[in-house]
Amino acid sequence: MSSKPNITLKKDIHRKQNVIRIEFEYNSKLNYLLKTATHAKWSRTRNCWYLVEDNFEMNPFFKIFKNHVYIDYSALRRSFEIVNQKSKDNDYSFRSQTELPKGYREILKQKRYSENTIRSYTAYFKDFVHYFRD
């Protein structure tokens, strides 16, 4: 007799959107159901499936998965206040106004860094300049 796997649903923020995280141990059948029967998306950065909260409805989700898993939705009851507070602390809007030193990006390209590395280095350099602006 095999027991059903568990799915845990949690509130989170991903790409500045309120989302419902769908966490479970790897299961190809569940992955297939999420891909075909829901609008869930895979997040490589968070390493989990998620649904945009505005599009999430518990009853249809429950009907799809009730025969396959146990669904733990207790974490959904918590408010987004804690998560929203964390996202407010990380305001990087200043990056668009911060200037890089002349030739900085070109030097990174000459060193043959990848575009992702260049993006990271320039963002962190702008953080540094902003922090020590005075």
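Report on the accompanying structure. (Residues numbered from 1 in each chain as written. Predicted model: local features only at pLDDT ≥ 70, side-chain atom pairs only at ≥ 80, totals over all residues. Heavy atoms only, no water.)

**A look at the overall build of the chain**
Logical step 1: Along its length, the chain carries 5 helices and 5 strands.
Logical step 2: Reading the chain from its N end, one meets helices and strands in the order β-β-α-β-β-α-β-α-α-α.
Logical step 3: When burial is assessed residue by residue, the chain has 29% of its 134 residues classed as buried.
Logical step 4: Expressed as a percentage of contacts within the chain between residues at least 6 apart in sequence, the contacts between residues at least 24 apart total 60%.
Logical step 5: Carbon and sulfur atoms make up 47% of the accessible area of the chain, which amounts to about 10,600 Å² in all. (Helix = DSSP H or I, 4+ residues; strand = E, 2+ residues; numbered from the N terminus. Buried < 20%, exposed > 50% of the residue type's maximum accessible area, 1.4 Å probe, protein only. Contact = heavy atoms within 4.5 Å. Areas by Shrake-Rupley, 256 points an atom, 1.4 Å probe, with all protein chains shown as cover.)

**Concerning helix H5 (residues 115-131)**
Logical step 1: Between its first and last C-alpha, H5 extends 24 Å over 17 residues, near the 24 Å set by a 1.5 Å rise per residue.
Logical step 2: Along H5, the positions that sit buried rather than exposed are Ile118, Thr122, Ala123, Lys126 and Asp127.
Logical step 3: For H5, the secondary structure elements touched by its buried residues are helix H4 (104-110). (Expected span 1.5 Å × (residues − 1).)

**As for the packing of helix H1 (residues 28-37) against helix H2 (residues 58-65)**
Logical step 1: Look at H1 against H2: their axes get within 11 Å of each other, and the N-to-C directions meet at 135°. Regarding the angle of H1 to H2, the classification is oblique. Considering the relative orientation of H1 and H2, their crossing is right-handed. Taken together, the residues of H2 that come into contact with H1 (itself represented by Leu30, Leu33, Leu34 and Ala37) are Phe61, Ile64 and Phe65. (Axes fitted to C-alpha atoms, helices over the stretch in contact; angles between N-to-C directions. Parallel < 35°, antiparallel > 145°, perpendicular 65-115°, else oblique. Left-handed = near helix turned anticlockwise from the far one by under 90°.)

**A short note on the pairing of strand E4 (residues 48-52)**
Logical step 1: With 5 of 5 residues buried, E4 lies mostly within the body of the structure.
Logical step 2: Residues Cys48, Tyr50 and Val52 line one face of E4 and the alternating positions Trp49 and Leu51 line the opposite face, and both faces are buried.
Logical step 3: Taken together, the 4 bridges between strand E2 (residues 17-23) and E4 define a ladder with antiparallel strand orientation. Directly across from Ile22, in E4, lies its bridge partner Trp49.
Logical step 4: Where strand E3 (residues 41-43) meets E4, 3 bridges bridge the pair, whose relative direction is antiparallel. By the bridge assignment for E4, Lys41 is matched with Tyr50.
Logical step 5: Linking two consecutive strands that pair antiparallel, namely E3 and E4, is a turn of 4 residues; a positive phi of about 60° is found at Asn47 within it. (Pairing = 2+ DSSP bridges.)

**Some points on the nonpolar core**
Logical step 1: Counting 17 residues, the largest nonpolar core has Ile7, Leu9, Ile22, Leu34, Phe61 and Phe65 as the members making the most contacts within it.
Logical step 2: When residues of this core are assigned to their parent elements, the largest contribution, 3 residues, is made by H1.
Logical step 3: Beyond its immediate sequence surroundings of up to four residues, Leu34 is in contact with Ile22, Phe24, Ala40, Trp49, Phe61 and Phe65. (Core = buried A, V, L, I, M, F, W, Y, C linked by side-chain atoms within 4.5 Å.)

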